[in-house]
Amino acid sequence: MDFLNYAFMQRALLAAVLVGITAPAVGIYLVQRRQALMGDGIGHVAMTGVGLGFLLSTSPVWMATAVSVLGAVLMELIRWYGKTRGDIALAMLFYGGMAGGVMLINLAPGGSNANLTSYLFGSLSTVSQSDVTAICVLAGFVLLVTLGLRRQLFAVSQDEEFARVTGLPVRALNLLTAVTAAVTVTVAMRVVGLLLVSALMVVPVAAAQQLSRSFTVTFVIAVAIGVTVAVSGTVTSYYQDVPPGATIVLLTIAAFVALTALSTPLARRRARAAAAAQPAGDPAECSIPASRGAGDEVGV
Amino acid sequence: MTEPVIALRGVTAELGARPVLRGVDLTVGRGEVVALLGANGSGKSTAIRAIIGQVPVSGGAVELFGTPRRSFRDWARVGYVPQRTTAAGGVPATVAEIVSSGRLSRTRFGVFRKADREAVHRALELVGMADRAKDSVNALSGGQHQRVLIARALVAEPELLIMDEPMAGVDLASQEVLARTLRQQVEAGTTVLLVLHELGPLEPLIDRAVVLRDGCVLHDGPPPRAVGQHALPGHDHVHPHAPAGTEPIRTGLLT
């Protein structure tokens, strides 16, 4: 456990724990509303923020937060108004964001794509004290939203139309989800990297689904997986000198594969138990005849 | 008549460039059970969705409980059952979790108290799904899923129930449960507006039928009673007021 003696590792581990909690906590709502790749899009947009931070010599974390929040709001607006070619508009936003980041960082004095690499794939040694402060504040906001408004976000993500009729402010909640996702991307940026953030939002949720039947349990398992892989990936990266982002993502996918293998016998046992509980000769679904027969024709 | 629960006056709505509602007038009084009938594409679902604000209205007025829909905020008085296809999330959820989301309109900031949890249990008992509360909704049959959606609408104890094709793709056993649940609600004084493809087992409950065709109200009055050959499945309903030579309104089971 000698790694705990280094200040940079303490900072990196703290950041990893916060990333492990927040990324799946937001990701579960994105998966529920079938926008699993939204995190990826925000990650691309955040690159412009990083570039801007370098160019203006301000903190890239706060700049990335500002720009990705703006990008997320823009994506939500495109979803409302641009019904026809929303996918094209989103693609332009994603790649515009990435190109903007590369352009701006090369314009910055002494800047090159090398500076960008640590933001794209994560880096332990570069997590500074001010980064940790920013990450703590942002993670606090994400947890406040994802836990405090879990019933509202669940309702909106499950069935938007119904949520509107229960009087929920659907648009405001959608915007809040987008903003929270954007904030999470920047929380995770230093540890996992912008290009791999989305994996930590989506894959733990997918892995947790293999074991659970309820939203609450999925949430808890996903966060547990997230923290486990983020911390163990960070430690592995310290000993093996490999990029933390890639390690964490590969570990997450391994967790998914392991849980899927584990869940197959579990699901089979559940199905058997359910079949035993059902009385034999249960009526089949949909007793309405599928086609109109000659005997149904009635002359008036 | 007391103040209508739902009032539509000259409502027009478009989906894209296509006019779907072309001046619909519809009033539902307190305690009434009104069925909205019509062929596919006649505007039934759009009319319902215009009432709840899901489809923008381009002309006319929509009022709920005497308040213009735009300024209506008292959504706990309205229970809505959408077409079953709209409620599928990408994450598993239990029956109780889905039904709980219908209770949000009765809570402050989404904080659940004992009374709210009891209401969820009661709503599940009403539709005979209390024993499945902890099961994933993905494991349910179409009919059971529909019962869960109705429990979600009932859990806020609404005065008005709006249902979009509650009987579509529902097995006979569930149809009977739904009809029984609805009867209890109507006896307790709930107002009901429902889109139906056919009157079916709900027929004895319905006070009035409104038939739409091409976005216009074609008939507003007592429901067409199925007698004789009309009681057979798959019949074509020829309306006596319709001008000669018009296409019969197909309200039959199989059209």
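These numbers were taken from a predicted model, which means no experiment stands behind them.

**Student:** Talk me through the overall build of chain A; I want residue IDs and the actual numbers.
**Tutor:** Secondary structure summary: chain A contains 12 helices and 0 strands in total. A buried classification covers 48% of the 300 residues belonging to chain A. Considering only contacts within chain A whose residues lie at least 6 apart along the sequence, 73% involve residues at least 24 apart.

**Student:** Can you lay out the overall build of chain B for me, pointing to particular residues and giving the numbers?
**Tutor:** Within chain B one finds 5 helices and 10 strands. Taking all 255 residues of chain B together, the buried fraction comes to 45%. The contacts of chain B with a sequence gap of at least 6 include a subset with a gap of at least 24, amounting to 67%.

**Student:** With reference to specific residues and values, describe helix α4 (residues 142–154) of chain B.
**Tutor:** All names here are of chain B. In this model α4 runs 19 Å from its N-terminal to its C-terminal C-alpha over 13 residues, within 8% of the 18 Å that 1.5 Å per residue would give. Of all 13 residues that make up α4, 12 are buried, and the element is covered over most of its length. Those residues of α4 that sit buried are Gly 143, Gln 144, His 145, Gln 146, Arg 147, Val 148, Leu 149, Ile 150, Ala 151, Arg 152, Ala 153 and Leu 154. Against β6 (78–81), α2 (95–101), α3 (114–126), β7 (160–164) and α5 (172–187) lie the buried residues of α4.

**Student:** Go over the pairing of strand β4 (residues 59–64) of chain B with me, naming the residues and quoting the values.
**Tutor:** Residue and element names in this part refer to chain B. In terms of strand pairing, strand β1 (residues 6–15) meets β4 through 5 bridges, oriented antiparallel. Bridging from a neighbouring strand, Leu 8 pairs with Val 62 of β4. Pairing of β4 with strand β5 (residues 67–68), which is carried by 2 bridges, proceeds in the antiparallel orientation. Looking across to β5, one finds that Leu 64 is bridged to Thr 67. Once β4 ends, the chain turns through 2 residues before running back antiparallel as β5, passing Phe 65 with a positive phi of about 50°.

**Student:** How would you sum up unusual backbone geometry? Please name residues and give values.
**Tutor:** Residues other than glycine seldom take positive phi values, yet Asp 241 of chain A does so here, at roughly 55°. By the C-beta count within 10 Å, which is 8 here, Asp 241 of chain A ends up exposed.

**Student:** With reference to specific residues and values, describe the sheet that holds β7 of chain B.
**Tutor:** Strands belonging to one sheet form pairs held by backbone hydrogen bonds; the direction of such a pair is parallel or antiparallel. All names here are of chain B. Reading across from one edge, β6-β7-β8-β3-β9-β10 is the order of the 6 strands in this open sheet, with mixed pairing throughout. The open sheet has two edge strands, β6 and β10 (216–221), and neither has a second partner. Taken over all neighbouring pairs, the strand axes of this sheet differ in orientation by 15° on average, direction set aside. Where strand β9 (residues 208–213) and β10 come together, 5 bridges link them in antiparallel fashion.

**Student:** How would you sum up the pairing of β9 of chain B? Please name residues and give values.
**Tutor:** Two faces make up the sheet, and in a regular strand the side chains alternate between them. Residues and elements named next belong to chain B. Burial of β9 is extensive: 5 of the 6 residues sit out of reach of the surface. Judged from the 4 bridges that link them, strand β3 (residues 33–37) and β9 form a sheet pairing that is parallel. Looking at the pairing, Ala 35 lines up with Ala 209 of β9. Hairpin remark: β9 followed by β10, antiparallel, with 2 residues in the connecting loop; positive phi at Asp 214, about 50°.

**Student:** Can you break down the sheet that holds β4 of chain B residue by residue, with the values?
**Tutor:** With antiparallel pairing, the 4 strands of this open sheet are ordered in space as β2-β1-β4-β5 (chain B). The open sheet has two free edges, formed respectively by β2 (18–28) and β5 of chain B, since each of these has just one partner strand.

**Student:** Which residues make up helix α6 (residues 129–148) of chain A, and what are the values?
**Tutor:** All names here are of chain A. In a regular helix each residue adds 1.5 Å, so 20 residues correspond to 28 Å; α6 covers 28 Å between its end C-alpha atoms and thus fits that length. Residues of α6 that are buried include every one of Asp 131, Ala 134, Ile 135, Leu 138, Ala 139, Val 142, Val 145 and Thr 146, and no others. In an axial view of α6, the angular spread of the buried residues amounts to 130°, which keeps them on one side of the axis. Turned more than 90 degrees from where α6 packs its buried face, Gln 129, Thr 133, Leu 144 and Leu 147 sit exposed.

**Student:** Residues and numbers for the environment of Thr 126 of chain A, please.
**Tutor:** Structurally, Thr 126 of chain A can be placed in the loop between α5 (113–121) and α6. Residues Thr 126 of chain A and Ala 12 of chain A, 114 residues apart in the sequence, show an inter-C-alpha distance of 8.7 Å.

**Student:** Give a description of the environment of Glu 14 of chain B that names residues and reports values.
**Tutor:** All names here are of chain B. Along the polypeptide, Glu 14 turns up in strand β1. Through-space distance from the C-alpha of Glu 14 to that of Ser 58 is 7.2 Å; in sequence the pair is 44 residues apart. Excluding residues within four positions of it along the chain, Glu 14 makes contact with Pro 19, Val 20 and Ser 58.

**Student:** Tell me what's going on with the environment of Arg 151 of chain A, and back it up with residues and numbers.
**Tutor:** Secondary-structure assignment places Arg 151 of chain A in helix α7 (residues 150–158). Not counting chain neighbours up to four residues away, the residues in contact with Arg 151 of chain A comprise Ser 101, Leu 104 and Gly 110 of chain B.

**Student:** Tell me what's going on with the nonpolar core, and back it up with residues and numbers.
**Tutor:** Ranked by size, the top nonpolar core spans 163 residues in total, and within it Val 19 and Leu 200 of chain A together with Leu 36 of chain B carry the most contacts. Of the residues forming this core, the biggest block, 14 residues, is contributed by helix α1 (residues 7–32) of chain A. Once residues lying within four places of it in the same chain are set aside, the contact partners of Leu 36 of chain B are Lys 44, Ala 47, Ile 48, Leu 193, Leu 194, Val 195, Val 210 and Leu 212 of chain B.

**Student:** Could you give an account of the packing of helix α3 (residues 60–81) of chain A against helix α9 (residues 170–189) of chain A, naming the residues involved and the relevant values?
**Tutor:** All names here are of chain A. The N-to-C vectors of α3 and α9 enclose an angle of 150°; their axes lie 8 Å apart at closest approach. Considering their axes alone, α3 and α9 lie roughly antiparallel with respect to each other. For the pair α3 and α9, the sense of crossing is right-handed. Two secondary-structure elements touch here, α3 through Val 61, Ala 64, Thr 65, Ser 68, Val 69, Gly 71, Ala 72, Val 73, Met 75 and Glu 76 and α9 through Asn 174, Leu 175, Ala 178, Val 179, Ala 181, Ala 182, Val 183, Val 185, Thr 186 and Met 189. In the contact of α3 with α9, the residues fall into 14 nonpolar, 5 polar and 1 charged.

**Student:** Now, about the confidence of the model for chain B: what can you tell me, with residues and values included?
**Tutor:** All names here are of chain B. Averaged over every residue, the pLDDT of chain B is 82; the share at 70 or more is 85%. Of all secondary-structure elements in chain B, the lowest mean pLDDT belongs to β10, at 83, while α2 reaches the highest, 92. Segment residues 251–255 is flagged for pLDDT under 50; beyond a separation of four residues in sequence, or across chains, it makes 17 contacts in the model.

**Student:** Please set out the confidence of the model for chain A residue by residue, giving values where relevant.
**Tutor:** Caution applies to low-pLDDT parts of the model: their predicted coordinates are not meant to be read in detail. In this model, chain A carries an average pLDDT of 84, and 89% of its residues clear a pLDDT of 70 or more. Of the regions scoring below 50 in pLDDT, residues 279–300 of chain A engages in 23 contacts with residues more than four places distant in sequence or in other chains.

Definitions and limits used
Residues numbered from 1 in each chain as written. Chains lettered and ligands numbered in written order. Predicted model: local features only at pLDDT ≥ 70, side-chain atom pairs only at ≥ 80, totals over all residues. Helix = DSSP H or I, 4+ residues; strand = E, 2+ residues; numbered from the N terminus. Buried ≥ 20, exposed ≤ 12 C-beta atoms within 10 Å, placed from the backbone. Contact = placed C-beta atoms within 7 Å. Expected span 1.5 Å × (residues − 1). Pairing = 2+ DSSP bridges. Axes fitted to C-alpha atoms, helices over the stretch in contact; angles between N-to-C directions. Arc of directions from axis to C-beta. Core = buried A, V, L, I, M, F, W, Y, C linked by C-beta atoms within 7 Å. Parallel < 35°, antiparallel > 145°, perpendicular 65-115°, else oblique. Left-handed = near helix turned anticlockwise from the far one by under 90°. Nonpolar A, V, L, I, M, F, W, Y, C, P; charged D, E, K, R; others polar. pLDDT = per-residue confidence, 0-100.

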